[in-house]
Amino acid sequence: MLKELKDKYHKNNFQYILVDDLGVVLEQDHPILPTIIGEKIQDIHPFFEILTHLLTTVNESFEFSCINLDFNNQEPLVVDVTLKTHNNNNLVIIENLTKHYNNYQLTAQTRNESIINSQILVLKNEYLLEKETFKNNFIANFSHQLRNPITASTIFSDLLINSNLNDEQKNYLEIIQSANKDLKQRIEDILDISKIESGKLILVSKVFNLKELLKNIEVIYNYLASKKGLSFKLEIGEKVPTFIEGDQYRLKQILANLLTNALSYTSKGHLHIKVSHNHSRANKVNLHFEVEDTGCGIAEENLESIFDRFTKIETGEEQTGVGLGLAIVKYLISEMQGNIKVESKIDKGSTFIFNVSFKTSNYTQDQKEELLNNQLPELKQKYNILLVEDSEIIQLSILKILASTGLFFINIISDGEAVIPNLVDQKVDLILLSNTIQGYSASNISASIRSLSKEYKKTPIIVLSTQGYKDDIKRYKKNGINDVLVKPFDKHKLLESIKKHLK
Amino acid sequence: MTISKKIVLIGHFGVGKTSLIRRFVENTFTEDYKVTIGVHISKRTINISENEDISLIIWDLEGQDDIKKTRPSYLLGTNGFIYVFDLTRPVTFEHLNDELAFLKENFSTVPVKVVGNKVDLVNKIYLKEHSEQFDNVVDYFVSAKTGSRVEKLFAKLAQDLIQK
Ligand SMILES: Nc1nc2c(ncn2[C@@H]2O[C@H](COP(=O)(O)OP(=O)(O)OP(=O)(O)O)[C@@H](O)[C@H]2O)c(=O)[nH]1
Ligand SMILES: [Mg+2]
């Protein structure tokens with residue numbers, strides 16, 4: 001019984017073929033392959049051509065596994081082939097393993113496809129990343145190049161407004177000034193976004209006077225609101241601390257952004273800003289802010305997307321802003337361990353609600369006092385300023401600002417080589433140094449000044465830079481630079497920095 | 001007179017070995033990927049000179065990420081190798097030099113053609129960027145899809161085999 005069964009199943013899977021040394025079929029049993037007695041085995045399929053060389057050996061055994069054989073009008077076969085050579089009586093054994101190998105093929109198919117897909121995904125990601133980096137660098141470089149012309153345009157319009165102009169001219173100039181401001185803001189926003197995306201936007205942590213910051217905001221927006229016929233109110237809760245530690249410029253940026261939006265979307269009613277104390281834990285205080293308007297409101301379907309980049313609320317009316325503002329706000333708030341949300345009703349108004357954390361400790365009484373007495377000193381004598389700048393337009397604008405105060409003697413040079421000789425030749429109280437001098441970096445120039453004799457170690461150096469990245473500023477400070485003014489700067493900032501360092 | 005020569009295509013899986021052979025033997029191409037297991041053997045006779053034909057017995061091997069995993073019996077009696085990699089997937093040419101060294105060691109007299117396939121998917125800049133890896137190693141950049149340089153590849157290999 002067993003023998004019968006074995007014969008039955010075994011037989012069906014095996015074919016034994018006897019061939020001579022040339023490959024001519026002499027004998028065969030159960031047919032799996034369409035071999036014909038008297039014909040050469042090489043002729044039924046090109047695989048068997050390999051036998052031609054092997055048949056001449058004697059008493060050798062060769063095994064070939066997983067051979068795919070296609071014949072016309074027959075299901076494709078996958079077989080193992082064994083060759084046992086004897087003088088002119090060579091045995092070819094075919095084992096039909098089609099089913100087994102077909103299963104294996106399915107497994108291999110799934111495995112290979114998933115591996116290849118993951119490799120393609122990795123490639124795609126690398127490619128996208130490269131593109132992203134390129135884009136961010138491009139934006140950063142391009143924005144820097146815009147800074148010199150905008151600085152000049154801002155400074156000259158500021159100078160011009162104080163000259164003898166008739167009303168019409170003044171009107172035109174105010175439009176130019178407002179366009180300048182707008183342009184400056186957009187460039188700042190774009191730079192912020194590119195910094196955020198390349199992970200270069202880092203918040204500073206410094207003690208500051210929160211209430212003073214809020215009061216300043218109140219002054220500005222009260223004025224802007226009243227110009228539009230709106231009322232403005234600032235409410236500061238009882239437990240809100242005066243001094244906290246964090247990034248005051250970024251907090252100001254958040255509030256200014258929300259208020260500017262509120263202002264532009266509101267045509268009647270009020271703007272409210274409320275600040276209250278949420279909770280204090282360890283050395284942290286969590287504050288709650290609300291910016292409320294009675295403007296056109298935001299449709300429910302837009303609430304989710306308003307914090308995305310490049311979305312702008314559609315109102316039918318003309319609006320300002322490129323829509324980067326809220327994306328930046330959201331990022332800054334999350335960097336301050338906070339959240340922002342918005343509640344809004346069409347035609348009733350919107351309220352932006354956020355909370356952020358600040359440090360409370362780590363500052364001394366001295367620091368507090370310094371902050372409270374942060375008024376600029378009045379200068380009592382005339383000072384010598386050396387301006388190293390190769391952009392003529394910036395030279396001219398700085399010259400005008402400094403001249404208008406009547407406090408300074410100014411010497412201007414535009415070439416890096418002349419810096420040291422000029423310093424040695426005459427008394428210099430402060431150096432304004434551009435970072436775009438051909439062939440010289442501001443850091444190098446500063447380092448060589450500091451390496452002169454002792455009397456040059458303390459001369460304040462202020463860099464006028466087109467780059468505002470934290471890395472750059474760090475590098476500047478390391479090379480003995482006292483302050484960095486990022487272009488575009490205005491008259492006030494320039495004078496503030498000069499006066500501070502001449503104190 | 002017709003002589004026959006055994007040519008073996010090797011390389012990672014999915015690089016296009018089967019596709020190159022189908023382009024050469026049947027002049028067809030499909031975007032579908034059917035994984036080869038074991039080996040498929042096909043044949044095409046080409047005319048070398050006026051009264052000389054060569055019959056190429058082409059062995060299409062299952063792809064391996066390491067040439068040493070190839071079943072030795074498949075390589076018996078090989079007259080020429082075509083080593084195929086995929087230009088779009090660096091993993092398939094990362095260890096190109098090791099793979100070729102293996103062939104040099106074990107089949108020192110057998111000619112090898114090295115081809116970067118799927119050239120239709122990459123541009124000149126990409127090839128330039130990788131020139132350090134490809135220069136002096138790669139014989140042809142080919143495409144089974146467009147057929148670019150496929151005929152040339154086999155013809156040149158056949159020529160080399162005749163001259164030996
Ligand atoms: N665009 C393009 N795709 C190709 C080319 N050659 C092959 N492909 C595609 O690449 C995939 C794999 O091709 P195959 O020829 O099956 O690859 P293989 O090297 O035989 O793979 P294994 O049998 O697993 O070793 C298929 O989807 C083909 O359509 C080519 O030249 N250009
Ligand atoms: Mg294949």
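For clarity, every value in this text was computed on a predicted model and none was experimentally measured. (Residues numbered from 1 in each chain as written. Chains lettered and ligands numbered in written order. Predicted model: local features only at pLDDT ≥ 70, side-chain atom pairs only at ≥ 80, totals over all residues. Heavy atoms only, no water.)

Peer 1: Go over the sheet that holds strand 4 (residues 80-86) of chain B, please, and point to the residues and values.
Peer 2: Pairing is mixed across the open sheet formed by eleven strands, whose spatial order is 2(A)-1(A)-5(A)-4(A)-3(A)-2(B)-3(B)-1(B)-4(B)-5(B)-6(B). With one partner strand each, in any of the chains shown, strand 2 (25-28) of chain A together with strand 6 (140-141) of chain B form the two edges of the open sheet. (Pairing = 2+ DSSP bridges. Helix = DSSP H or I, 4+ residues; strand = E, 2+ residues; numbered from the N terminus.)

Peer 1: Let's hear about the coordination of the magnesium ion (ligand 2): which residues, and what values?
Peer 2: Residues and elements named next belong to chain B. Distances from the magnesium ion (ligand 2) to its protein donors, Thr18 (OG1) and Thr36 (OG1), fall at 1.9 to 2.1 Å. One end of the pair, Thr18, is in helix 1 (residues 17-26); the other, Thr36, is in the loop between helix 1 and strand 2 (39-49), with 18 residues separating them in the sequence. Looking at Thr18, the relative accessible area reads 28%, which means it is partly exposed. Looking at Thr36, the relative accessible area reads 10%, which means it is buried. (Donors = N, O, S within 2.8 Å, 3.2 Å for Na, K, Ca; no water. Buried < 20%, exposed > 50% of the residue type's maximum accessible area, 1.4 Å probe, protein only.)

Peer 1: Account for the packing of helix 10 (residues 392-405) of chain A against helix 14 (residues 491-502) of chain A, with residues named and values stated.
Peer 2: Residues and elements named next belong to chain A. At a minimum axis distance of 11 Å, the contact between helix 10 and helix 14 shows a crossing angle of 65 degrees. Note that helix 10 runs across helix 14; the crossing there is right-handed. Residues Ile398, Ile401, Leu402, Ser404 and Thr405 of helix 10 form the contact with helix 14, whose own contacting residues are Lys491, Leu494, Leu495 and Ile498. In the contact of helix 10 with helix 14, the residues fall into six nonpolar, two polar and one charged. (Axes fitted to C-alpha atoms, helices over the stretch in contact; angles between N-to-C directions. Left-handed = near helix turned anticlockwise from the far one by under 90°. Contact = heavy atoms within 4.5 Å. Nonpolar A, V, L, I, M, F, W, Y, C, P; charged D, E, K, R; others polar.)

Peer 1: How would you sum up the side chain of A:Asp247? Please name residues and give values.
Peer 2: Residues and elements named next belong to chain A. Take Asp247: it is sitting in the loop between strand 8 (243-246) and helix 6 (248-265). This buried residue, Asp247, is left without a salt bridge; Arg250 holds the nearest opposite charge, at 4.5 Å. Separated by 2.9 Å, the side chain of Asp247 and the backbone nitrogen of Val204 make a polar contact. A polar side-chain atom of Asp247 sits 3.3 Å from the main-chain amide nitrogen of Tyr249. Those residues within four positions of Asp247 in sequence are excluded, and the remaining contacts are Leu203, Val204, Phe208 and Met336. (Lys, Arg positive; Asp, Glu negative; His and termini not counted. Salt bridge = Lys/Arg side-chain N within 4 Å of Asp/Glu carboxyl O. Polar contact = N/O pair within 3.5 Å; in protein donor to acceptor, adjacent residues only side chain to side chain.)

Peer 1: Hey, could you go over the pairing of strand 3 (residues 52-61) of chain B for me, with residue numbers and the actual values?
Peer 2: All names here are of chain B. The element strand 3 is largely enclosed, with a buried count of eight among its ten residues. By the bridge criterion, eight bridges tie strand 1 (residues 2-10) to strand 3 in an arrangement that is parallel. Paired with Thr2 across the strands is Asp53, a residue of strand 3. Direction of pairing for strand 2 relative to strand 3: antiparallel, over a ladder of ten bridges. By the bridge assignment for strand 3, Arg44 is matched with Leu56. Hairpin remark: strand 2 followed by strand 3, antiparallel, with two residues in the connecting loop.

Peer 1: Go over the site of ligand 1, please, and point to the residues and values.
Peer 2: Around ligand 1 there are 23 residues in total, and B:Lys17, B:Ser19, B:Glu31, B:Tyr33 and B:Asp120 lie nearest to it. In this structure, ligand 1 is bordered by residues of chains A and B. Between an oxygen atom of ligand 1 and a main-chain N or O atom of B:Thr30, the distance comes to 2.8 Å. The separation between an oxygen atom of ligand 1 and a polar side-chain atom of B:Thr36 is 2.8 Å. Compared with its free state, where it exposes 650 Å², ligand 1 has 94% of that area covered by protein. When its residues are assigned to classes, the shell around ligand 1 shows seven nonpolar, ten polar and six charged. (Near = heavy atom within 4 Å. Areas by Shrake-Rupley, 256 points an atom, 1.4 Å probe, with all protein chains shown as cover.)

Peer 1: Requested: an account of the sheet that holds strand 13 (residues 383-388) of chain A, with residues and values cited.
Peer 2: Residue and element names in this part refer to chain A. Pairing is parallel across the open sheet formed by five strands, whose spatial order is 14-13-15-16-17. Two strands close off the open sheet at either side, each with one partner strand: strand 14 (408-413) and strand 17 (483-486). Averaged over neighbouring strand pairs, the angle between their axes works out to 20 degrees when direction is ignored. Against the sheet, helix 10 makes contact with strand 13, strand 14, strand 15 (430-434) and strand 16 (461-465), and its axis sits at roughly 170 degrees relative to strand 14, the strand it touches most.

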